[in-house]
Amino acid sequence: MHHYDVIIIGSGLGGLVCGAILSRHGYRVCIYEKNRQTGGCLQTWSRDKVIFDSGVHYIGGLAPGENLYKVFKYLGIYDKLRLKRMDMDGFDHISFAGDDKVYRIAQGEENFIRTLLEDFPEEEAALRAYCNKITEVCSKFPLYNLRTGDYEEKRSVLQLNTADYLRSITSNEKLQQVLAGNNLLYAGVAEKTPFYVHALVLNSYMKSSWKCVDGGSQIGKLLCRQIRENGGEVIRNMAVTAINGDGDKVDHIVLQDGSKVQATYYISNLHPAQTMAITHSDVLRSAYRSRMQGLENSIGAFVLNVALKPGTFKYLNYNHYYHATGNAWAGIDYKEEEWPQTYAMYVSASSRHETWADSLSIMTYMRYDEVKQWQHTFNTVLQTGSRGAEYEAFKEKKANLLIDCVEKQFPGFRDCIHTSYVATPLSYRDYIGTGDGSMYGIAKDSADPLRTMVSARTKLSNLYLTGQNLNLHGILGVTISSVITSAELLGMDFLVDEINQSIYT
């Protein structure tokens, strides 16, 4: 039986960052990935000679000295990334039906305030209070700032609700909605989303926003290369079917071909509920299993990936968020007959040209219930089978409704489309590995914040969790979660010091 120091289940960003960190420190690492392609949401795919991203549409915090910059520099991948900085005066554009204005979210605190003051000249006090609050909240999350600290620091801000906070700083409803206007980034729910989620996500983009030129898969490929150079292995097309315990430890895992593999430590990059479903151990009490499997996930996504006719649609160095009503929170609670109520447009950065776009993705919400009838029409292990003509007709109908919605902001858009491809919550379930096609994993709730925070440790002493479900989703959130998980083996003080020192070497 093979024996490694660390076995990592799943090669999403969380698994790859853990693998890169631990292999760098001499651990013999092996990552098992069920798919043909590594990277989870970092995956890209190509059609019509055009590259599409599965999930990495833009990244924050990558300017020198910022948090993600430091970690990527430490991992040895920053200098090899092909990046394009987004529009300084508006990396996100927000628009509402019936309002001719487009509101811009700018990079840099003073630039952010100055830009919004053009549309809200009376609201300087509110905008400064907002920026100060974001800074204050972010300062209470030690690892987000790559320092060690006490968990108690953040406790005082966990129950602050985003929508409530925005109402508290201004009576201007339009400004409240603009500040919440890109909440597709975290599947915002007005009554639930904690302000710390809003703050941690927005802060990194407001500091610096970037697109990956020719797709985000470069991050995953570079991390795989680092792992292999450090003596690790990344094995594709090999699902882990069981995690078998013995006493208070994991003894071995079982692979889809029936073989067994052992390690000293095990890290699962799967959703905690999926991890529990394949873990066999008398130590895992039903209450713990039930808690993990009972955590509510965020809503799923419907994504239209468009290959554009050459020279027809200008490259936009920003993202566009649209709302069909004046309420930026309303789109997530859509009625099927009124879908879509919101969307985000992400135009891909290509190395081929600056002026014209090759491709773009349009993302909106979709509940899993809408596609549930086709959930058994595809073998998720072998990745074979067809979902049938009804499913194809469903996708085409939805795609046309979304294109009609986009046409309102971008007249003539339909004529720019060469071909288009649709991803639904089922696509994300099968290719990315979320049980119900959830966009961002476990949904956070300001009314009960501790319930939705998952520890990297499990009830088995050598089994750890990583990925978007621990603390925060997204490139930055998952990277920081991987630091937390890796620190369980290396020690937090040591690892944080290493990361901070790496920018000087």
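For clarity, every value in this text was computed on a predicted model and none was experimentally measured.

A. The arrangement of a negative patch on the surface in detail. Taken together, Glu336, Glu337, Glu338 and Asp369 make up a surface patch of like negative charges. Secondary-structure assignment places Glu338 in the loop between strand S16 (319-323) and strand S17 (342-347).

B. Highlighting unusual backbone geometry. Pro340 follows Trp339 through a cis peptide bond whose omega is -5°. With respect to the helices and strands, Pro340 occurs in the loop between S16 and S17. Phi angles above zero are rare outside glycine, and Ala187 is one such case at about 50°. Mapped onto the elements of the fold, Ala187 is located in the loop between helix H7 (173-179) and helix H8 (195-207). Not every positive phi belongs to a glycine, and Asp214 is a case in point at roughly 65°.

C. The arrangement of the packing of helix H1 (residues 13-24) against helix H15 (residues 474-490) in detail. Running from amino to carboxyl end, H1 crosses H15 at an angle of 40°, the nearest separation of the two axes being 8 Å. By the angle between their axes, H1 is oblique relative to H15. Both H1 and H15 take part in a crossing whose hand is right-handed. Contact residues: H1 offers Leu13, Gly14, Val17, Cys18, Ile21 and Leu22, while H15 offers Ile475, Val478, Thr479, Ser482, Val483, Thr485, Ser486, Leu489 and Leu490. Counted by class, the contact of H1 with H15 contains 10 nonpolar, 5 polar and no charged residues.

D. Geometry of the packing of aromatic side chains. This model, assessed by the stated rule, comprises 18 aromatic pairs. Residues Phe302 and Trp339 carry aromatic rings whose centres are separated by 5.2 Å and whose planes lie at 85° to one another, so their mutual orientation is edge-to-face. Taken together, the positions of Phe302 in strand S15 (residues 300-308) and Trp339 in the loop between S16 and S17 put the pair 37 residues apart, joining distant regions of the chain. Of the two residues examined, Phe302 and Trp339, each falls in the buried class. Each ring, one from Phe313 and one from Phe410, has its centre 5.9 Å from the other, and the planes form 50°; the classification is tilted. Taken together, the positions of Phe313 in the loop between S15 and S16 and Phe410 in the loop between helix H12 (389-409) and helix H13 (413-416) put the pair 97 residues apart, joining distant regions of the chain. The class for Phe313 is buried, based on a relative accessible area of 8%. Put simply, the rings of Tyr58, Phe91, Tyr205, Tyr321 and Tyr346 touch in pairs and so form one group of aromatic residues.

E. Structural detail: the state of the cysteines. Evaluation of the coordinates by the stated rule reveals 0 disulfides. This cysteine, Cys138, is not joined by any disulfide, and Cys131 carries the nearest cysteine sulfur, 11 Å off.

F. The sheet that holds S15, seen in detail. Spatially, the 7 strands line up as an open sheet ordered S8-S7-S16-S17-S18-S15-S19, and their pairing is mixed. A strand with exactly one partner marks an edge of an open sheet, and here the two such strands are strand S8 (102-105) and strand S19 (417-423). Across the sheet, the mean angle separating the axes of adjacent strands is 20° when strand polarity is ignored. Bridge count for strand S7 (residues 92-96) against S8 is 4 bridges, and the pairing is antiparallel. Opposite His93, over in S8, you have Arg104 as the bridge partner. Strand contacts of H12: S7, S15, S16, S17, strand S18 (359-366) and S19, with the helix running at about 70° to S15, the strand carrying the most contacts.

G. Structural context of the nonpolar core. Membership of the largest hydrophobic core comes to 173 residues, with the highest contact counts inside it found for Tyr130, Phe313, Met345 and Phe413. Composition of this core by domain shows at least three residues from each of domain 1 (4-48 + 59-78 + 214-294 + 440-502) and domain 2 (84-213 + 297-367). Ignoring sequence-local partners within four residues, the contact set of Phe413 consists of Val306, Leu308, Phe313, Met345, Leu360, Ile362, Ile403, Val406 and Glu407.

Cut-offs and rules
- Residues numbered from 1 in each chain as written.
- Predicted model: local features only at pLDDT ≥ 70, side-chain atom pairs only at ≥ 80, totals over all residues.
- Heavy atoms only, no water.
- Patch = residues over 30% accessible without salt bridge, like charges linked within 9 Å, V, L, I, M, F, W, Y side chains within 5 Å.
- Areas by Shrake-Rupley, 256 points an atom, 1.4 Å probe, with all protein chains shown as cover.
- Salt bridge = Lys/Arg side-chain N within 4 Å of Asp/Glu carboxyl O.
- Lys, Arg positive; Asp, Glu negative; His and termini not counted.
- Charge placed at Lys NZ, Arg CZ, Asp CG, Glu CD.
- Helix = DSSP H or I, 4+ residues; strand = E, 2+ residues; numbered from the N terminus.
- Axes fitted to C-alpha atoms, helices over the stretch in contact; angles between N-to-C directions.
- Parallel < 35°, antiparallel > 145°, perpendicular 65-115°, else oblique.
- Left-handed = near helix turned anticlockwise from the far one by under 90°.
- Contact = heavy atoms within 4.5 Å.
- Nonpolar A, V, L, I, M, F, W, Y, C, P; charged D, E, K, R; others polar.
- Phe/Tyr/Trp six-rings, centres within 6.5 Å; stacked < 30°, edge-to-face > 60°.
- Buried < 20%, exposed > 50% of the residue type's maximum accessible area, 1.4 Å probe, protein only.
- Disulfide = S-S within 2.5 Å.
- Pairing = 2+ DSSP bridges.
- Core = buried A, V, L, I, M, F, W, Y, C linked by side-chain atoms within 4.5 Å.
- Domains from an automatic or database assignment.

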